[in-house]
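Notes for the structure review
Spelled out from the first residue to the last, the chains are:
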Amino acid sequence: MYVCICKGITDKQIQDAVTARKSNNPKEILKALGVGSDCGSCVEDAVKTLVEAAARTPFEMKDSSTNS
Ligand code: FES
């Protein structure tokens, strides 16, 4: 689903950017994708999509196997 019509950015692209950059920083992710840089009407939905994607992304999985 398109989040930013002006730049043609989908929710999947935002999710992929969160995963690839291991970041939930809206400024960084949205700026990198160009989201909100035209009319700006998508920013609220884009940030919501980003926060939801970040909540599902296991950034710190490497510490989960400390059992010895
Ligand atoms: S819809 Fe994203 S900048 Fe216009």
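Structural data are supplied above this passage.
Another point: the overall build of the protein chain. Along the backbone of the protein chain there are three helices and two strands. Along the chain direction, N to C, the helices and strands of the protein chain fall in the order β-β-α-α-α. The buried share among the 68 residues of the protein chain stands at 22%.

Here we come to the nonpolar core. Ranked by size, the top nonpolar core spans twelve residues in total: Val-3, Cys-4, Ile-9, Ile-14, Val-18, Ile-29, Leu-30, Leu-33, Val-35, Cys-42, Ala-46 and Leu-50. Of all elements in the fold, only strand 1 (2–4), helix 1 (11–21), helix 2 (26–33) and helix 3 (43–56) reach the threshold of two or more residues within this core. Of all the elements, helix 2 adds the most residues to this core, at three residues. If we ignore the near neighbours within four places in the chain, the residues touching Ile-29 are Ile-14, Ala-17, Val-18, Arg-21, Ser-23 and Leu-50.

With that out of the way, let us pick up the environment of Asp-38. Mapped onto the fold, Asp-38 is located in the loop between helix 2 and helix 3. Of the residues examined, Asp-38 has 12 C-beta atoms within 10 Å and is grouped as exposed. Each C-alpha atom, one on Asp-38 and one on Ile-5, is 9.6 Å from the other, the two residues being 33 residues apart in sequence. Residue contacts for Asp-38: discarding those within four places in its chain leaves Cys-6 and Lys-7.

Right, let's get into unusual backbone geometry. At Lys-22, a position not held by glycine, the phi torsion is positive, near 50°. Of note, Lys-22 is situated in the loop between helix 1 and helix 2. Residue Lys-22 is classed as exposed on the basis of its C-beta count, with 11 C-beta atoms lying within 10 Å.

Reading guide: rules and limits
- Along each chain, numbering runs from 1 in the same order as the chain's sequence is written.
- Confidence filtering applies because this is a predicted model: local features only for residues at pLDDT of at least 70, side-chain atom pairs given and counted only at 80 or more, and all residues used for totals across whole chains, interfaces and linings.
- Helix and strand definitions here come from DSSP, where helices need a minimum of 4 consecutive H or I residues and strands a minimum of 2 consecutive E residues; each element is numbered from the N-terminal end.
- With C-beta atoms placed from the backbone, a residue counts as buried when 20 or more other C-beta atoms lie within 10 Å of its own, as exposed when 12 or fewer do, and as partly exposed for counts between those limits.
- Structurally, a nonpolar core is described as a collection of buried Ala, Val, Leu, Ile, Met, Phe, Trp, Tyr and Cys residues joined by way of C-beta atoms within 7 Å.
- We call two residues in contact if the C-beta atoms placed from their backbones are at most 7 Å apart.

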